[in-house]
Amino acid sequence: MNVQSATLLEVATRVLLVDPTASLGDVARAAGVSRTTLYARFPTRQALLVALASEAMDLVEQAYAAARLDDGAVEQALRRLVELTVPLGSRVEFLLRERSLDIEPELVARYEQLDAPVIALMRRAQIAGQVRADLPAWWMATAVIGAVSTAWEAIADGRLAVRDAPSLVLDTVLSGFLPR
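Residues numbered from 1 in each chain as written. Predicted model: local features only at pLDDT ≥ 70, side-chain atom pairs only at ≥ 80, totals over all residues. Heavy atoms only, no water.

A.B. asks: Would you take a moment to explain the overall build of the chain for this structure?
C.D. replies: Helix and strand content of the chain: ten helices and zero strands. When the helices and strands of the chain are placed in sequence order, the string is α-α-α-α-α-α-α-α-α-α. Dimensions of the chain, computed from the C-alpha atoms along their principal axes, are close to 55 × 35 × 25 Å. Residues classed as buried in the chain amount to 41% of the 180 residues present. Considering only intrachain contacts with a sequence separation of at least 6, the fraction spanning at least 24 residues in the chain is 63%. Within the structure as shown, the chain displays about 10100 Å² of accessible surface, and the carbon and sulfur contribution to it stands at 57%. Charge separation in the chain, taken as the distance between the mean sites of 18 positive and 22 negative side-chain charges, equals 3 Å. (Helix = DSSP H or I, 4+ residues; strand = E, 2+ residues; numbered from the N terminus. Buried < 20%, exposed > 50% of the residue type's maximum accessible area, 1.4 Å probe, protein only. Contact = heavy atoms within 4.5 Å. Areas by Shrake-Rupley, 256 points an atom, 1.4 Å probe, with all protein chains shown as cover. Lys, Arg positive; Asp, Glu negative; His and termini not counted. Charge placed at Lys NZ, Arg CZ, Asp CG, Glu CD.)

Below, the structure is given as structure tokens:
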């Protein structure tokens, strides 16, 4: 059976989210491939995790680029960002949970720079007077990303529909919890 690496990574993500201790054999069974096929592409569990993390960061970077964060008002840019990142949910969520990736210097460096476009958006919005200037841009970016992450978890738990997540995230981030 010729299974594409991308498909293997999708299956591996699902398996590892359900059971973080799953073995390569568990992943191979779920993907419908032999362990030999899986081992040929990912010789160790850590190699598979690194591939998953790299692909997840690729997906986030692609979403940020597609969101055109340097284009238009902050509200429209954030709407594009949220609408494009919410569907990534399970493909990215494990990055926040998998601690064994913390020993991979290249991944850590890349992860630390991943949200730079969102921070730049918040700085641009501050300069334009579109958001509060008294809060650090990194804090506002982290709040947006955190709200998206919370939406991913709520979707995975069945408490939130994918279609409802973007407006809930944006309303919370832009308007907060105080009555209007």
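Once you've had a look at it, read on.
A.B. asks: Explanation requested: the packing of aromatic side chains in the structure shown.
C.D. replies: Both the distance between ring centres and the angle between the ring planes are used here to describe each pair of aromatic rings. Tallying each qualifying case throughout the model produces one aromatic pair. Note on Trp138 and Trp139: the rings are 5.8 Å apart at their centroids and 90 degrees apart in plane angle, and the pair reads as edge-to-face. Taking relative accessible area as the criterion, Trp138 reaches 47% and is therefore assigned partly exposed. (Phe/Tyr/Trp six-rings, centres within 6.5 Å; stacked < 30°, edge-to-face > 60°.)

A.B. asks: It is not clear to me how the nonpolar core should be interpreted in this structure. Could you clarify?
C.D. replies: The tendency in soluble globular proteins is for nonpolar side chains to be buried side by side. Grouped together as the largest cluster of nonpolar side chains are 59 residues, with contacts concentrated most on Leu38, Leu48, Leu52, Leu69, Leu81 and Met122. If you tally residues by element for this core, the top one is helix H4 (residues 45–66), at eleven residues. Not counting chain neighbours up to four residues away, the residues in contact with Leu48 comprise Leu9, Ala12, Leu24, Val27 and Phe42. (Core = buried A, V, L, I, M, F, W, Y, C linked by side-chain atoms within 4.5 Å.)

A.B. asks: Please explain the side chain of Thr85 as it appears in this structure.
C.D. replies: Inspection of the secondary structure assignment puts Thr85 in helix H5 (residues 74–85). At a separation of 2.8 Å, a polar atom in the side chain of Thr85 contacts the main-chain carbonyl oxygen of Leu81. Among residues more than four places away in sequence, those in contact with Thr85 are Ala63, Tyr64, Val148 and Trp152. (Polar contact = N/O pair within 3.5 Å; in protein donor to acceptor, adjacent residues only side chain to side chain.)

A.B. asks: Explain the environment of Val74 here, please?
C.D. replies: Within the secondary structure, Val74 is located in helix H5. Counting along the chain gives 51 residues from Val74 to Ala125, while the straight-line C-alpha distance between them is 5.9 Å. Contacts of Val74, omitting those with residues within four sequence positions, involve Leu121, Met122, Ala125, Gln130 and Val131.

A.B. asks: Before we go on, may I ask you to explain the pattern of salt bridges in this structure?
C.D. replies: Between side chains of opposite charge, pairing is possible as soon as their charged atoms come close. In total, this model carries eight salt bridges according to the counting rule given. Of the charged contacts, one joins Asp26 and Arg29 as a salt bridge, the two residues approaching to 2.4 Å between their closest N and O atoms. Remark: Arg29 and Asp26 occur in helix H2 (residues 24–31); sequence separation between them is three residues, near one turn of the helix. We classify Arg29 as exposed; its relative accessible area is 59%. Across the salt bridge formed by Arg110 and Asp58, the nearest N and O atoms sit 2.4 Å from each other. Here Arg110 is found in helix H7 (residues 105–114), whereas its partner Asp58 is found in helix H4, with 52 residues between them in sequence. When its relative accessible area of 32% is taken as the criterion, Asp58 is described as partly exposed. A single network of salt bridges, built from pairs that share partners, joins Glu10, Glu55 and Arg91. (Salt bridge = Lys/Arg side-chain N within 4 Å of Asp/Glu carboxyl O.)

The quantities given are spatial measurements derived from coordinates; they are silent on function.
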